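Each chain, letter by letter, is given below.
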Amino acid sequence: MSVLKINRSLSELEYYHNATVLYNDMVKLLLRNFGVKANKKKELVISAIEKAAVVTAFPYMETAFLRMEQLEAAATLREYSGWLINHYRDQVIRQLEELMDNISDAYTAETSKAKESHKKKALDNCEKLIQVMQRIMAVLPVDVNKLIPYVDRIDQEISYLNNWE
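Residues numbered from 1 in each chain as written. Predicted model: local features only at pLDDT ≥ 70, side-chain atom pairs only at ≥ 80, totals over all residues. Heavy atoms only, no water.

### Describing the overall build of the protein chain
Here is step 1 of the chain: When helices and strands are tallied, the protein chain shows six helices and zero strands.
Here is step 2 of the chain: The order of helices and strands in the protein chain, counted from the N terminus, is α-α-α-α-α-α.
Here is step 3 of the chain: In the protein chain, buried positions account for 28% of the 165 residues.
Here is step 4 of the chain: Taking the contacts inside the protein chain whose residues are at least 6 apart along the sequence as the reference set, 79% of them involve residues at least 24 apart. (Helix = DSSP H or I, 4+ residues; strand = E, 2+ residues; numbered from the N terminus. Buried < 20%, exposed > 50% of the residue type's maximum accessible area, 1.4 Å probe, protein only. Contact = heavy atoms within 4.5 Å.)

In structure tokens form, the structure reads like this:
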């Protein structure tokens, strides 16, 4: 006879299963650049030779080209550079890797002291992941509602690790 789902206790490896699902989902989020939309404007590209020819024929166009360069520089500053997204991506993936390593090490630890040490490190990784996610929400133009489920899953992992004997 089967047991109803609400009456079942947590699996012995539920913390590991949840961490694996969290890892996979977060990697998919990283592949989407945290949901940051790229600006897909078409730019007018004029070579230096073409600019020189136009300025020679129409001297007043030099100020127009200077103004155009200033506007392009300002637009570049407003866009989020790839390095910032890569920075946060590296932080998230590093914490996820360490979380999985610490959970595996805690499960295979021979002594209770070593198990507790790795479990504490795994909890620290979860806390650091939450902090990184909070910084991402503050800095990048992301939809916070799309990142909340990831933070909730990290909180769930923390509760699983705290209840792990």
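### So, the confidence of the model for the protein chain
Here is step 1 of the chain: With 83% of its residues at a pLDDT of 70 or more, the protein chain shows a mean pLDDT of 82.
Here is step 2 of the chain: For the protein chain, the element scoring lowest by mean pLDDT is helix H3 (residues 61–78), at 70; helix H5 (residues 112–139) scores highest, at 93. (pLDDT = per-residue confidence, 0-100.)

### Quick notes on the pattern of salt bridges
Here is step 1 of the chain: Counted by the stated rule, this structure contains three salt bridges.
Here is step 2 of the chain: Arg153 serves as the salt-bridge partner of Asp25, at 2.2 Å between the closest nitrogen and oxygen. One end of the pair, Asp25, is in helix H1 (residues 14–31); the other, Arg153, is in helix H6 (residues 144–163), and 128 residues separate them in sequence.
Here is step 3 of the chain: With relative accessibility at 25%, the residue Arg153 sits in the partly exposed group.
Here is step 4 of the chain: Salt-bridge contacts for Glu116 lead to Lys119; the nearest nitrogen and oxygen are separated by 3.9 Å. Of this pair, Glu116 and Lys119 are both found in helix H5, three residues apart, which corresponds to roughly one turn of the helix.
Here is step 5 of the chain: You can call Glu116 partly exposed: its relative accessible area is 45%.
Here is step 6 of the chain: Taking the relative accessible area as the measure of exposure, Lys119 reaches 9% and is therefore buried. (Salt bridge = Lys/Arg side-chain N within 4 Å of Asp/Glu carboxyl O.)

### Here we look at helix H4 (residues 82–108)
Here is step 1 of the chain: A rise of 1.5 Å per residue sets the reference length of H4, with its 27 residues, at 39 Å; its end C-alpha atoms lie 39 Å apart and thus fit the reference within 8%.
Here is step 2 of the chain: By the burial criterion, the buried members of H4 are Leu84, Ile85, Tyr88, Gln91, Val92, Gln95, Leu96, Leu99, Met100, Asn102, Ile103 and Ala106.
Here is step 3 of the chain: Taken together, the buried residues of H4 touch H1, H5 and H6. (Expected span 1.5 Å × (residues − 1).)

### What to know about the packing of H4 against H5
Here is step 1 of the chain: Direction vectors running N to C along H4 and H5 enclose 160 degrees, while the axes themselves pass 8 Å from each other. Taken together, the axes of H4 and H5 are roughly antiparallel relative to one another. Where H4 crosses over H5, the handedness of that crossing is left-handed.
Here is step 2 of the chain: Classifying every residue of the contact of H4 with H5 gives 13 nonpolar, five polar and seven charged. (Axes fitted to C-alpha atoms, helices over the stretch in contact; angles between N-to-C directions. Parallel < 35°, antiparallel > 145°, perpendicular 65-115°, else oblique. Left-handed = near helix turned anticlockwise from the far one by under 90°. Nonpolar A, V, L, I, M, F, W, Y, C, P; charged D, E, K, R; others polar.)

### What to know about the nonpolar core
A general feature of soluble globular proteins is that nonpolar side chains tend to end up buried together.
Here is step 1 of the chain: If you look at the biggest cluster of nonpolar residues, it comprises 35 residues, and the most contacted ones within it are Met26, Phe34, Val92, Met133, Ile136 and Leu161.
Here is step 2 of the chain: Looking at this core, the elements with two or more residues in it are H1, H4, H5 and H6.
Here is step 3 of the chain: In contact with Phe34, other than residues within four places in its own chain, are Leu29, Ile85, Tyr88, Arg89, Val92, Ile136, Leu140 and Val142. (Core = buried A, V, L, I, M, F, W, Y, C linked by side-chain atoms within 4.5 Å.)

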